[in-house]
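Summary of the model geometry
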Amino acid sequence: MRKPFIAGNWKLHNTIAEARALAGSLCTSVGNKEDVEIVIAPVFTALAAVSAVCADSNIKVAAQNCHCIDSGAFTGEVSAPLLADVGCKYVIIGHSERRQLFRESNDFINAKVFAALKAGLSVIVCVGETLEQREDGSLFDVISAQVNSALNEISTAQMEQVVIAYEPVWAIGTGKTASSDEAEEVHAFIRGLLGGRYCAAVAAATRIIYGGSVKPDNIGELMAQENIDGALVGGASLKADDFSAIVNYTKTLKVVS
Ligand code: 13P
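Residues numbered from 1 in each chain as written. Predicted model: local features only at pLDDT ≥ 70, side-chain atom pairs only at ≥ 80, totals over all residues. Heavy atoms only, no water.

Inspection of the secondary structure assignment puts R99 in helix 4 (residues 96-101). An unpaired buried charge is present at R99: no salt bridge exists, and E104, the closest side chain of opposite charge, is 7.1 Å distant. For R99, the side chain forms a polar contact with the main-chain oxygen of G94, separated by 2.9 Å. For R99, the side chain forms a polar contact with the main-chain oxygen of C126, separated by 2.8 Å. Those residues in contact with R99 that sit more than four places away from it in its chain are G94, E104, N106, I109, C126, V127 and Q146. (Helix = DSSP H or I, 4+ residues; strand = E, 2+ residues; numbered from the N terminus. Buried < 20%, exposed > 50% of the residue type's maximum accessible area, 1.4 Å probe, protein only. Lys, Arg positive; Asp, Glu negative; His and termini not counted. Salt bridge = Lys/Arg side-chain N within 4 Å of Asp/Glu carboxyl O. Polar contact = N/O pair within 3.5 Å; in protein donor to acceptor, adjacent residues only side chain to side chain. Contact = heavy atoms within 4.5 Å.)

Here's what the structure looks like:
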């Protein structure tokens, strides 16, 4: 069984008051759900407030990034142990906006995954190709390099704390979703990679979620695919009604064949 996993990446939005209000609405609408793992990722400055709001609910809190070293002279960074300290259970690592806008390399992302797991956090590792890479035929090479590098030296046991998010860069914030068939093709490929790197049991147990213009009206089609176990939602996660509708769509546990 893979429990459906729906995460909201709030990106650079919301004051503390706005974040508290949004988290409060979600606690009311979906905070008691047990058949879906629900995660929300506010900005660093709202993590403490949102953690407090969600403390008695089933909604978990994630950070959107972390540094790979626990402490020291790294002005402006936030480390994984400090995220655990503020109540985070997850951290998003390797989002395409970090890879592209902040030039994060595969090696740096791997170091962050390692640090986050060491601190007891679970991770949402993001991978995804640009439109150019899809069109020039390097899609599977890119995904395989990103997955293999991010998971370098990550053990079979640690994989229980890892969720992989496939987010095609061209589908993020564009309103242009990958078709469910296009997404499924890459998800199945990633599951195959996990089988090769680890074993069939890890491949079958790891949640692989899709991100890129997920909305209440396309989540159903995506979730119907065998290898799509959830979603990493950007824009639609900023509206309590839309995010709740996305969470509520996935009513049942998926049975792995
Ligand atoms: P959108 O849902 O706004 O396309 O963003 C997707 C995303 O980047 C989630 O991490």
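It is worth spelling out the pairing of strand 3 (residues 59-63) at this point. With four of five residues buried, strand 3 is to be regarded as a mostly interior element. As paired strands, strand 2 (residues 37-41) and strand 3 are joined by three bridges and run parallel to one another. For I40, the partnering residue across the bridge sits in strand 3 and is V61. Once the chain exits strand 2 it traverses helix 2 (residues 47-54) before rejoining the sheet at strand 3, and the crossover so formed is right-handed. Strand direction decides the pairing type here: strand 3 and strand 4 (residues 90-93), joined by two bridges, are parallel. Note on strand 4: the bridge partner recorded for A63 is V91. (Pairing = 2+ DSSP bridges. Right-handed = clockwise from strand over helix to strand, strands pointing away.)

Bringing the site of the ligand into the picture now. Every residue near the ligand is listed here: N9, K11, H95, E167, A171, I172, G173, G212, S213, L232, G234 and G235. Take N9: an N or O atom from its side chain is 3.0 Å from an oxygen atom of the ligand. Here an oxygen atom of the ligand and a side-chain polar atom of K11 are 2.8 Å apart. Taking 300 Å² as the accessible area of the ligand by itself, protein coverage stands at 96%. Residue composition of the shell around the ligand, by class: three nonpolar, seven polar and two charged. (Near = heavy atom within 4 Å. Areas by Shrake-Rupley, 256 points an atom, 1.4 Å probe, with all protein chains shown as cover. Nonpolar A, V, L, I, M, F, W, Y, C, P; charged D, E, K, R; others polar.)

Positioned with a positive phi, N14 is a non-glycine residue whose angle comes to about 85 degrees. Note that N14 resides in the loop between strand 1 (5-9) and helix 1 (16-30). Within the chain, E153 stands out as a residue other than glycine whose phi angle is a positive 65 degrees.

Let us now look at the state of the cysteines. A covalent bond between the sulfur atoms of two cysteines is what we call a disulfide. Counted by the stated rule, this structure contains zero disulfides. Not engaged in a disulfide, the cysteine C88 finds its nearest cysteine sulfur in C66; these two sulfurs lie 9.7 Å apart. Taking relative accessible area as the criterion, C88 reaches 3% and is therefore assigned buried. The structure places no disulfide on C126, whose sulfur is separated from the nearest cysteine sulfur, that of C66, by 12 Å. The class of C126 is buried, set by a relative accessible area of 1%. (Disulfide = S-S within 2.5 Å.)

Below, the discussion takes up the packing of aromatic side chains. Throughout the structure, instances matching the rule amount to three aromatic pairs. For the pair F5 and Y90, a centre-to-centre distance of 5.2 Å together with 70 degrees between the ring planes defines the contact as edge-to-face. One end of the pair, F5, is in strand 1; the other, Y90, is in strand 4, and 85 residues separate them in sequence. By relative accessible area, F5 is classed as buried at 0%. Above the plane of the ring of F102 lies R98, whose end atom (NZ or CZ) is 4.1 Å from the centre. (Phe/Tyr/Trp six-rings, centres within 6.5 Å; stacked < 30°, edge-to-face > 60°. Lys NZ or Arg CZ within 6 Å of the ring centre and 35° of its normal.)

Shape descriptors only; they carry no functional weight alone.
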